[in-house]
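Listed here are the chains, written in short residue letters.
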Amino acid sequence: MTHFNFQEPPIPIEEISKFLGLSIVDVDPPPEMATPALHKALTTVPCWLERSEKKISVYKRAPKKRRRLGISHENTHFIIPYHVGINPFCSGADDPTSRKYTEREAFMGGAAMLFYPKLFIEDVLSTSSISLDIIQKLSARYDGSLEATANWYARTHPQICAIVIAEPPTQEEAVDEFLQDQFGLPINVKPHTPSPSARNWLPASGGFREEINFVMQVKYSITSIRFPKWIPPRTRIPDTSLIYKTFVTGKHCSGEIPASDLGSSSRWRYNAECMPMGDGSSNVMALIWLPDKQMDLAI
Ligand SMILES: [Zn+2]
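Computed from a predicted structure; not experimentally measured.

Checked against the element boundaries, Phe4 lands in the segment before helix H1 (13-19). We classify Phe4 as partly exposed; it has 13 C-beta atoms within 10 Å. Taking C-alpha positions, Phe4 is 8.4 Å from Ile16, a pair spaced twelve residues apart along the chain.

Here is the structure:
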């Protein structure tokens, strides 16, 4: 990246492809094939690399931010020599939950191209607070999707913060859970991690514990290097949480999230801002952070 000496975002991703000797070819299926299902599939996976032909094919109708992320992802596959013989159709170039090592590498490398750390970290350091508003501005400035920007923000932030993407349980999981609760049937139930500890903090009598439902779960989380906790996927989130309030109201909410809402036994509370993802899913993005005592001392 130093070769280009980029001074200002957005990073011209296609220029990097050109430098690598890759051609970018826009593809558009013929009208008789252009079904909504195909459009959805091609929007999820808008780019694919044909290594031997040094070519990245891009779905012409993919949104611009997806296109940019997809191209930077494929650039990374091309640069890493042992990424040969992999399935050219990546299952979501912006999916940080991918279990495949090569996909995670391409995901990280692609993000580092799009949000060139030399510029991005400088931008983050020039802000005095942690907020979703800053992430939205960075998303516009770097021309990257909100989710990818938020993830990179948390990953590179020098202070104590994290991004949590929460989702309602899938229908299948809800049914499994119902069967387990009602009949004690361990049908296909994957373990929840960890056990819902929020309930444990409430008085044992008075029926409080039974009144809390765990209606959402962590899809994934990305934490800054100084964040003290690991928030595992599938951690259940109670309906008393700010995250659930955001899900129900469909509105931006700010306040506090007790660590126990995210499966921790710690008694501290995070500052939090939550917003609906607005990507057609019912998912909620939560930005959580703790005050930075080291920073306070420096002042
Ligand atoms: Zn890939």
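Following the sequence through the fold, Arg67 ends up in helix H3 (residues 64-79). Separated by 78 residues in the primary sequence, Arg67 and Ser145 have C-alpha atoms spaced 9.9 Å apart.

Time to look at unusual backbone geometry. Here Pro9 and Pro10 are connected by a cis peptide whose omega angle stands at -5°. Located in the positive-phi region is Asn5, a residue other than glycine, with phi close to 55°. Tracing the chain through its elements places Asn5 in the segment before H1. Its identity is not glycine, yet Asp143 carries a phi of approximately 50°, on the positive side. Following the sequence through the fold, Asp143 ends up in the loop between helix H6 (132-142) and helix H7 (146-156).

Another point: the sheet that holds strand S4 (residues 161-167). If you trace the six strands from one edge of the open sheet to the other, you get S6-S5-S4-S9-S8-S7, paired in antiparallel fashion. Each edge of the open sheet carries a strand with a single partner, namely strand S6 (236-238) and strand S7 (253-258). Within the sheet, the average angular offset between the axes of one strand and its neighbour, ignoring direction, is 40°. The sheet contact formed by strand S8 (residues 269-276) and strand S9 (residues 284-289) spans six bridges and is antiparallel. Its bridge partner lying in S9, Ala272 is registered against Ile288. Strands in contact with H7 are S4, strand S5 (214-223) and S9; relative to S4, the strand with the most contacts, it is inclined by about 145°. Its contacts with the sheet place helix H10 (residues 242-249) against S4, S5, S6, S7, S8 and S9, and it is angled at close to 145° to S7.

So, on to the environment of Thr240. If you trace the backbone, Thr240 turns up in the loop between S6 and H10. The spacing of Thr240 and Phe214 is 26 residues in sequence and 8.8 Å in space, taken between C-alpha atoms.

The next point concerns the sheet that holds strand S3 (residues 55-59). The pairing of strands in a sheet happens through backbone hydrogen bonds and is either parallel or antiparallel. Spatially, S1-S3-S2 is the arrangement adopted by the three strands of the open sheet, whose pairing is mixed. In this open sheet, the two strands that pair with only one neighbour each are strand S1 (23-27) and strand S2 (47-50). Ignoring strand direction, the axes of neighbouring strands in this sheet form an average angle of 25°. Two strands pair when backbone bridges link them, and S2 and S3 are joined in this way by four bridges, in the antiparallel orientation. Its bridge partner lying in S3, Trp48 is registered against Ser57.

Counting residues in hydrophobic clusters, the biggest one holds 63 residues, and the most contacted among them are Val164, Ile243, Ala286, Leu287 and Ile288. Split by domain, this core shows at least three residues from each of two domains, domain 1 (13-149) and domain 2 (157-298). Setting aside residues up to four positions removed in sequence, Ile288 forms contacts with Cys161, Ala162, Val164, Ile257, Tyr270, Asn271 and Ala272.

Conventions and cut-offs
Residues numbered from 1 in each chain as written. Predicted model: local features only at pLDDT ≥ 70, side-chain atom pairs only at ≥ 80, totals over all residues. Helix = DSSP H or I, 4+ residues; strand = E, 2+ residues; numbered from the N terminus. Buried ≥ 20, exposed ≤ 12 C-beta atoms within 10 Å, placed from the backbone. Pairing = 2+ DSSP bridges. Axes fitted to C-alpha atoms, helices over the stretch in contact; angles between N-to-C directions. Contact = placed C-beta atoms within 7 Å. Core = buried A, V, L, I, M, F, W, Y, C linked by C-beta atoms within 7 Å. Domains from an automatic or database assignment.

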